[in-house]
Amino acid sequence: MYGMVNRALKGLISERFGEATWQEIRAKAGVEVDEFTSMSTYDDAITYDLAGAASEVLDTPIEDLLRVFGHYWIEFAGKSSYAILLEQAGKTVGEVLGALDEMHTRLALSFTELRPPSFRVLSDDGETIMLHYESFRPALVPFVCGLIEGVAKRLNVQVTVTLVEAKSEDNPADLLRIQVLST
Ligand code: HEM
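Cut-off values and rules
Residues numbered from 1 in each chain as written. Predicted model: local features only at pLDDT ≥ 70, side-chain atom pairs only at ≥ 80, totals over all residues. Helix = DSSP H or I, 4+ residues; strand = E, 2+ residues; numbered from the N terminus. Rg over C-alpha atoms; globule rule 2.2 N^0.38 Å. Buried ≥ 20, exposed ≤ 12 C-beta atoms within 10 Å, placed from the backbone. Contact = placed C-beta atoms within 7 Å. Core = buried A, V, L, I, M, F, W, Y, C linked by C-beta atoms within 7 Å. Domains from an automatic or database assignment. Arc of directions from axis to C-beta. Expected span 1.5 Å × (residues − 1). Axes fitted to C-alpha atoms, helices over the stretch in contact; angles between N-to-C directions. Parallel < 35°, antiparallel > 145°, perpendicular 65-115°, else oblique. Left-handed = near helix turned anticlockwise from the far one by under 90°. Nonpolar A, V, L, I, M, F, W, Y, C, P; charged D, E, K, R; others polar. Near = placed C-beta within 6 Å.

K.L.:
I keep staring at the overall build of the chain and nothing clicks. Help me out?
P.N.:
For the chain, the helix and strand inventory stands at eight helices and four strands. Scanning the chain from its N terminus toward the C terminus, one meets helices and strands in the order α-α-α-α-α-α-α-β-β-α-β-β. Relative to a compact globule of 183 residues, whose C-alpha radius of gyration would be 16 Å, the chain shows 16 Å and is just as compact. Its C-alpha atoms give the chain principal-axis dimensions of roughly 45 × 35 × 35 Å. For the chain, with 183 residues in total, the buried portion stands at 30%. Contacts spanning at least 24 positions in sequence make up 57% of the contacts within the chain whose residues lie at least 6 apart.

In structure tokens, the structure reads:
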């Protein structure tokens, strides 16, 4: 994945748990790079290994860690030069989710080797949103849940995100239900 993702992961760990804990996690993951270049691509294994090592060192389930990373990513991206894309994506959670593919397509103009996920809003009545999430990468649903919670927080609404049906051999997309709790 692009270095921007690994930079954010490092940011989350070192801001919340200190530089020494980050170094311990990096060593445990066997990752030699410390300063990631945002616009360079790195093997996905680096990101997965760092997340796995962080889960062990912090004694936190990886799913919880990925969810928190989702929240952090929205704050991180919201402070970056790409914040405008989040702003233009929409004014409701459903609008933003419906605009994600276009957003990543625009990002791919700068991140030319981007291998983005794909999202499809199946229905949105303002209270319940049904969403398909498709990716060639495994095990990132908790990250997606955190990202959606982070998007909702930016829009000052609360949501609960539930995995309704996980992807399978017959079905390449995870099905998520987003319940919008308050406006
Ligand atoms: C301005 C905001 C955003 C930026 C700059 C951004 C950028 C990126 C980048 C660089 C990657 C790495 C992909 C790669 O290296 O191939 C990525 C992956 C991803 N993005 Fe975004 N993104 C943004 C917003 C969002 C939002 C709001 C969501 C969902 C609610 C989202 C969902 C994902 C997911 C799930 C991945 C993991 C890759 C996968 O599932 O295969 N992104 N994004």
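K.L.:
I'm lost on the nonpolar core in this one. Help?
P.N.:
Soluble globular proteins tend to pack their nonpolar side chains together in the buried interior. Counting 42 residues, the largest nonpolar core has Ala 8, Leu 9, Leu 50, Phe 69, Val 93, Ile 148 and Ile 178 as the members making the most contacts within it. Of all the secondary structure elements, the ones that give two or more residues to this core are α1 (3-17), α2 (19-29), α3 (44-57), α4 (62-78), α6 (93-98), β2 (128-134), α8 (141-154) and β4 (173-182). Both of domain 1 (3-60) and domain 2 (91-182) provide at least three residues apiece to this core. Beyond its immediate sequence surroundings of up to four residues, Ile 178 is in contact with Val 93, Ile 129, Leu 131, Ile 148, Val 159 and Val 161.

K.L.:
Please explain α2 as it appears in this structure.
P.N.:
For an α-helix the count is 3.6 residues per turn, leaving residues at separations of three or four pointing the same way. Here α2 has its buried residues at Trp 22, Ile 25, Arg 26 and Ala 29. The buried side chains of α2 occupy one side of the element, clustering within an arc of 100 degrees when seen end-on. Along α2, exposed side chains directed more than 90 degrees from the buried face belong to Ala 20 and Ala 27. The secondary structure elements touched by the buried residues of α2 are α1 and α3. Gly 30 lies just past α2 and shows a positive phi near 70 degrees.

K.L.:
Would you explain α1 in this entry?
P.N.:
Helix length check: α1, at 15 residues, gives a terminal C-alpha distance of 21 Å against a target of 21 Å (1.5 Å per residue), a fit within 8%. Within the sequence span of α1, burial applies to Met 4, Val 5, Asn 6, Ala 8, Leu 9, Lys 10, Leu 12 and Ile 13. On its buried side, α1 packs onto α2, α3 and α4. The first or second residue beyond α1 is Gly 18, which carries a positive phi of 95 degrees.

K.L.:
Help me understand the packing of α2 against α3, please; the structure alone is not making it clear to me.
P.N.:
When two helices pack together, their arrangement is captured by the angle between the axes and the distance separating the axes. The contact between α2 and α3 brings their axes to 8 Å, and the two run at 120 degrees. Viewed along their axes, α2 and α3 adopt a mutual orientation that is oblique. Between α2 and α3 the crossing geometry is right-handed. Between α2, through Thr 21, Glu 24, Ile 25, Arg 26, Lys 28 and Ala 29, and α3, the contact on the second element is made entirely by Asp 49, Leu 50, Gly 52, Ala 53, Ala 54, Glu 56 and Val 57. Its residues placed into classes, the contact of α2 with α3 shows six nonpolar, two polar and five charged.

K.L.:
Any chance you could explain the site of the ligand here in plain terms?
P.N.:
In the region of the ligand, 24 residues are neighbours, and Met 1, Ala 77, Pro 117, Ser 135 and Leu 147 sit closest. The set of elements that each furnish at least two residues to the shell around the ligand consists of α1, α5 (83-89), α7 (100-107) and α8. Here the shell around the ligand gets five residues from one element, more than from any other, and that element is α8. Taken together, the residues that form the shell around the ligand break down as 20 nonpolar, two polar and two charged.

K.L.:
Sorry, what's going on with the environment of Pro 142 here?
P.N.:
In this structure, Pro 142 sits in helix α8. Residues Pro 142 and Arg 67 lie 75 residues apart in sequence; the distance between their C-alpha atoms is 5.1 Å. Those residues in contact with Pro 142 that lie beyond four places of it in its chain are Glu 63, Leu 66 and Arg 67.

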